[in-house]
Amino acid sequence: MKAVILAAGRGSRLGSLTKSKPKGMNKVCDVTLLEWQHSTLRSAGVDEIVVITGYLSKVIERKGYKTIFNPYWHRANMVSSIMIALENIDTPFIISYSDIIYNNSIVEDLIKSDSELSVAYDKKWLKLWEMRFDEPLLDAESFTLDSKGNISEIGNKVNNVEEIEGQFMGLLKINNKAKDLIMNIINQDSSKFYNLDTTKLINELINSGLSIGAVANKDGWCEIDSPMDLQIAEILIKDGIIKMPHNIL
């Protein structure tokens, strides 16, 4: 199994913390997010890891990670990095955002999933969002499942937390059929290469008829999108909700 870490963006919400380094080089409990992900992915059975870089790419390259540079990082969304990964790496592979920490159990469950596209989600999302935001609905997006447990909608704004069955974690697995559909969607309208975000892409795949497998996270995790998130992540680790990787690589 292979994995791709999307680390091309700056992460402007972190302010001065990304002035001299990419988002994934910030530290939680003295461990960079990229170190965390590499160790967690390896412990879950991933053999090869590639980092898609962009902003201050040489900071990551100097650490010795295997990298591919995204020259469009400053004017495109996450989908451009996904496309670069699809053009250079054989599927199946795991995709991980560079600004999340998680335990290896969710990666193991993604690897076991036989869906053409498998998406990790947190069905207990509200407690974490209440720690992160004064008003969770300002950031939370739609996430609903159909009768078969596949994703029927994701990434839209909602007005009631009761309508949300989980939250996208920034962690997924792409297989061959999903790769072909994604390539077709982007090739038919090149503007989507620059403008689509990941959840909007997933919605387009749903509309095309692809079944999107939903893989529920059993353990703690956290997105690091602000200085407050760094503090919250350390609290979750201290409380044992998120476990430090056994071997930091």
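These remarks concern the structure in this document. (Residues numbered from 1 in each chain as written. Predicted model: local features only at pLDDT ≥ 70, side-chain atom pairs only at ≥ 80, totals over all residues. Heavy atoms only, no water.)

1. Examining helix α6 (residues 176–188)
(1) Moving on: Look at α6: 18 Å from first C-alpha to last across 13 residues, which is about the 18 Å you get at 1.5 Å a residue.
(2) Moving on: Those residues of α6 lying buried are Ala 178, Lys 179, Ile 182, Met 183, Ile 185 and Ile 186. Seen from one end, α6 has its buried residues packed into an arc of 160°, which puts them on one side. Across from the buried face of α6, at angles greater than 90 degrees, the exposed residues are Asn 187 and Gln 188. (Helix = DSSP H or I, 4+ residues; strand = E, 2+ residues; numbered from the N terminus. Expected span 1.5 Å × (residues − 1). Buried < 20%, exposed > 50% of the residue type's maximum accessible area, 1.4 Å probe, protein only. Arc of directions from axis to C-beta.)

2. Structural notes on the nonpolar core
(1) Moving on: Leu 41, Ile 101, Tyr 102, Leu 117, Ile 174, Ile 212 and Cys 222 are the most contacted members of the largest nonpolar core, which totals 81 residues.
(2) Moving on: For this core, the element with the highest residue contribution is helix α3 (residues 78–88), accounting for 6 residues.
(3) Moving on: Leaving out residues up to four positions away in the same chain, Leu 41 has contacts with Ala 3, Ile 5, Val 46, Ile 49, Ile 94, Tyr 102 and Val 107. (Core = buried A, V, L, I, M, F, W, Y, C linked by side-chain atoms within 4.5 Å. Contact = heavy atoms within 4.5 Å.)

3. Some details on the side chain of Ser 118
(1) Moving on: Within the fold, Ser 118 resides in strand β8 (residues 117–122).
(2) Moving on: At a separation of 2.6 Å, a polar atom in the side chain of Ser 118 contacts the side chain of Ser 113. (Polar contact = N/O pair within 3.5 Å; in protein donor to acceptor, adjacent residues only side chain to side chain.)

4. Some thoughts on helix α4 (residues 104–112)
(1) Moving on: Taken together, the buried positions of α4 are Ser 105, Ile 106, Val 107, Asp 109 and Leu 110.
(2) Moving on: As for α4, its buried residues are in contact with α1 (33–43), β6 (93–97), β7 (100–102), β8, β11 (167–174) and β12 (212–216).

5. Considerations on the environment of Gly 45
(1) Moving on: Relative to the helices and strands, Gly 45 is located in the loop between α1 and β4 (48–53).
(2) Moving on: Exposure remark for Gly 45: the relative accessible area of 37% places this residue in the partly exposed category.
(3) Moving on: Each C-alpha atom, one on Gly 45 and one on Gln 231, is 29 Å from the other, the two residues being 186 residues apart in sequence.

6. Observations regarding the packing of helix α5 (residues 125–132) against helix α9 (residues 227–238)
(1) Moving on: Relative orientation of the contacting elements α5 and α9 amounts to 130°, with a least axis distance of 10 Å. The orientation of α5 relative to α9 falls into the category oblique. As α5 packs across α9, the resulting crossing turns out to be right-handed. Along the contact surface, α5 presents Leu 128, Met 131 and Arg 132, while α9 presents Asp 229, Ile 232 and Leu 236.
(2) Moving on: For the contact of α5 with α9, a count of residues per class yields 4 nonpolar, no polar and 2 charged. (Axes fitted to C-alpha atoms, helices over the stretch in contact; angles between N-to-C directions. Parallel < 35°, antiparallel > 145°, perpendicular 65-115°, else oblique. Left-handed = near helix turned anticlockwise from the far one by under 90°. Nonpolar A, V, L, I, M, F, W, Y, C, P; charged D, E, K, R; others polar.)

7. A few points about the sheet that holds β8
(1) Moving on: If you walk across this open sheet you meet the 7 strands as β5-β4-β1-β6-β11-β8-β12, and the pairing is mixed. The open sheet has two free edges, formed respectively by β5 (67–69) and β12, since each of these has just one partner strand. The sheet shows a mean angle of 25° between the axes of neighbouring strands, direction not considered.
(2) Moving on: Relative to β11, β8 runs antiparallel, the two sharing 5 bridges. Note that in β11 the partner of Val 119 across the bridge is Leu 172. (Pairing = 2+ DSSP bridges.)

8. Quick word on the side chain of Thr 40
(1) Moving on: Residue position: Thr 40 is located in helix α1.
(2) Moving on: Aside from chain neighbours lying at most four places away, what touches Thr 40 is Tyr 102, Asn 103, Asn 104 and Pro 245.

9. Focus on the packing of aromatic side chains
(1) Moving on: In the structure shown here, the tally under the stated rule is 9 aromatic pairs.
(2) Moving on: Arranged with centres 6.0 Å apart and planes meeting at 80°, the rings of Trp 125 and Trp 129 form a pair that is edge-to-face. Of this pair, Trp 125 and Trp 129 both sit in helix α5, separated by 4 residues, roughly a single helical turn. Grouping residues by exposure puts Trp 125 and Trp 129 together as buried.
(3) Moving on: Measuring from centroid to centroid gives 5.0 Å for Phe 193 and Tyr 194, while their planes differ by 75°, and the two rings are edge-to-face.
(4) Moving on: Residue class for Tyr 194 comes out partly exposed when judged on its relative accessible area of 25%.
(5) Moving on: Three or more aromatic residues link up through ring pairs in this structure, and these residues are Trp 125, Trp 129, Phe 133 and Trp 221.
(6) Moving on: We note Arg 132 situated over the ring of Trp 129; from NZ or CZ to the ring centre the distance is 5.1 Å. (Phe/Tyr/Trp six-rings, centres within 6.5 Å; stacked < 30°, edge-to-face > 60°. Lys NZ or Arg CZ within 6 Å of the ring centre and 35° of its normal.)

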